Amino acid sequence: MSPSLNPSALARLLGEWNLGVEPAYRELADVVRLLVLDGRVALDTALPSERTLSESLGVSRTTVTAAYRHLREQGFLSSGQGSRGRTRIPRLTPLGTTVLSDPGLTTTGRTPGATSPGLAAPEGLIDLAYASLPASGEVVHRAFAAALTELPALLPGFGYDAMGLLPLREAVAARYAAAGVPTTAEQILVTSGAQHALNIIIRAVAGRQDRVLVEHPSYPNALDAIRAAGCRAIPVAFTAAHDAGTDRADGGPPALAWDMHALQATMTQQRPTMAYVVPDFHNPTGQLMPDVQRRQLVRAAAAAGTVLVVDETLRELNLDGAETSPVAAFSPAVVTIGSLSKSHWGGLRTGWIRASETMIQRFAAARTSLDLGGPVMEQLAAAHLVRALDEPLPARLSALRDNRAALLELLAGHLPGWETGRPAGGLSVWCRLPAPVSTALTVIAPDFGIRLAAGPRFGIGGAFERYLRVPFTLPPEQLETAVLALRSAQDRLDAAPQLRRTLKNAPALAIA
Ligand SMILES: Cc1ncc(COP(=O)(O)O)c(C=O)c1O
């Protein structure tokens, strides 16, 4: 059954929404919209009736009626006749349709500009909330065609395998061995993507109230997984690169860097059960951890008895050819998460965990309460993809480099007050804004044709109001439209400082 919100619960979530800056209906609609965008009010939730909400908020029924109408017009509320409206996110064109000029797209029957069912994203809205790419279409399609011919041989079996299909595990293990990390198939557990892998690991090693060290900012879904497991996330902030002795050579604004002193001190003092880090083109900052720090990290975790979990989901998106060793090269105790989502396609839902055999057995046992193994066809196809993992990368990286250059130029030209740095890889730029307006920008963004993920989604306790992640997954023409929209949205906030304050006070800043 779909959830519903009672008026007092919604009133609590709304907090102090009515600051008298804009018409009340508008302020109410803006804050509800933010709650939906931020995930604090789940999709398909029935909002209270106009009468009960107006009573609960102490405002006129006309105000609530107008606010709901506004939300309906913007696509954030369903328009069921007579029934209570349910929360929605406006349908957006999936990024995958027009993002990169990937020759494979047309072979899968998807044409630029077409919409495919299911994935969120516009009637007209450009989606900057996701940092994902369309499929390496032709390569993926070919792998599935090959998998189909191999399927009959497996049909006599039961089809269940909590570890994953052996040919895929062998292919992943061989890939690690080639990267200088000797690995056997028994050290690989196949998962339904990196997010699934993280959930399995948390389930196996961390209990309620256990401390889990995280970078701050970090990948929002990882923070959500840690929080959902009842663990306590212990954030360690990044520092400016010059403080860490890795200043930028090109004279641009200082990049962020891992604060090794803080990481080591936190490990020593807090002795977290687990640490979750993304050293390869970190999401959202795009930073790459140098080998010397990888070694320090491994040592600190070992000394503290902390299970070090390294998420390598973005490792293949190495735009400038930087050379680093996988963290697992520095210690057999490291638990590594990998995925095909960024190199090939998120729709494959295929990833893996690499760890010691003993740990892998623990993960396999923990998994069975979540699922009983991955789908066979996907794994057969994934085995082909992993064996030729580099095949789609040159075209993908080349398009991303062009997009990154275009985005940085556009931001410098239209939003000169935004500090951007230059990520060495990954899919996004972590922008420092001249004022703490990230949530306010996110709330008004749909009015300007774009959808954003507010900086605080990447932090704990409302941090990162001064930051916005801007992906460079779109082609330059669309990035130009998006950056001009960002500029217009910022101009609107600059022209109405009161509005900025109202939206900043919106209650949905924290995700933990
Ligand atoms: C750091 C990081 N980890 C995990 C994921 C999720 O990966 P998957 O699609 O394999 O679950 C992402 C996706 O953006 C990510 O950036």
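From a predicted model like this one, the values you see are computed outputs, not experimental measurements.

Definitions and limits used
- Residues numbered from 1 in each chain as written.
- Predicted model: local features only at pLDDT ≥ 70, side-chain atom pairs only at ≥ 80, totals over all residues.
- Heavy atoms only, no water.
- Pairing = 2+ DSSP bridges.
- Helix = DSSP H or I, 4+ residues; strand = E, 2+ residues; numbered from the N terminus.
- Axes fitted to C-alpha atoms, helices over the stretch in contact; angles between N-to-C directions.
- Contact = heavy atoms within 4.5 Å.
- Expected span 1.5 Å × (residues − 1).
- Phe/Tyr/Trp six-rings, centres within 6.5 Å; stacked < 30°, edge-to-face > 60°.
- Buried < 20%, exposed > 50% of the residue type's maximum accessible area, 1.4 Å probe, protein only.
- Near = heavy atom within 4 Å.
- Polar contact = N/O pair within 3.5 Å; in protein donor to acceptor, adjacent residues only side chain to side chain.
- Parallel < 35°, antiparallel > 145°, perpendicular 65-115°, else oblique.
- Left-handed = near helix turned anticlockwise from the far one by under 90°.
- Nonpolar A, V, L, I, M, F, W, Y, C, P; charged D, E, K, R; others polar.

## Here's the deal with the sheet that holds strand β9 (residues 351–354)
The strand order across the open sheet formed by eight strands is β2-β9-β8-β7-β6-β3-β4-β5, and the pairing between neighbours is mixed. Each edge of the open sheet is held by one strand with a lone partner, namely β2 (188–191) and β5 (256–258). Taken pair by pair, the neighbouring strands of this sheet meet at an average axis angle of 25°, ignoring direction. In terms of strand pairing, strand β4 (residues 232–240) meets β5 through three bridges, oriented antiparallel. Of the residues in β5, the one forming a bridge with Ala 240 is Leu 256. In the packing of helix α10 (residues 260–270) onto the sheet, the strands contacted are β3 (211–216), β4, β5 and β6 (274–277), and the crossing angle to β4 comes to about 155°.

## Structural notes on helix α7 (residues 166–178)
An ideal rise of 1.5 Å per residue puts 18 Å on 13 residues; α7 measures up with 18 Å between its terminal C-alpha atoms. Elements that come into contact with the buried residues of α7 comprise β2, β8 (335–339), β9 and α13 (376–387). Residue Gly 180 follows α7 closely and has a positive phi angle near 90°.

## Quick notes on the packing of aromatic side chains
Per the counting criterion, the structure on display carries five aromatic pairs. Ring geometry for Trp 430 and Tyr 467: centres 5.1 Å apart, planes at 15°, overall stacked. In this pair, Trp 430 sits in strand β10 (residues 428–432) while Tyr 467 sits in strand β12 (residues 467–471), placing the two residues 37 residues apart along the sequence. Given the relative accessible area of 17%, Tyr 467 is considered buried. Every member of this aromatic cluster is reached through a ring pair, and the members are Trp 430, Phe 458, Phe 464 and Tyr 467.

## A few points about the site of the ligand
Residues in close proximity to the ligand total 13 residues, the closest being Ala 194, Asp 311, Ser 339, Ser 341 and Lys 342. Within the side chain of Ser 339, an N or O atom sits 2.6 Å from an oxygen atom of the ligand. In the environment of the ligand, an oxygen atom lies 2.8 Å from a nitrogen or oxygen atom belonging to the side chain of Arg 349.

## Side note on the side chain of Gln 379
Inspection of the secondary structure assignment puts Gln 379 in helix α13. If near-sequence neighbours (up to four positions away) are discounted, Gln 379 is found in contact with Gly 164, Leu 165, Leu 168, Val 190 and Gly 374.

## Things to note about the packing of helix α1 (residues 7–14) against helix α3 (residues 50–57)
Contact geometry for α1 and α3: axes closest at 9 Å, N-to-C directions at 50°. Viewed along their axes, α1 and α3 adopt a mutual orientation that is oblique. At the point where α1 passes α3, the crossing takes the right-handed sense. Between α1 and α3, the residues in contact are Pro 7, Ser 8, Leu 10, Ala 11 and Leu 14 and Thr 52, Leu 53, Ser 56 and Leu 57, respectively. By residue class, the composition of the contact of α1 with α3 is six nonpolar, three polar and no charged.

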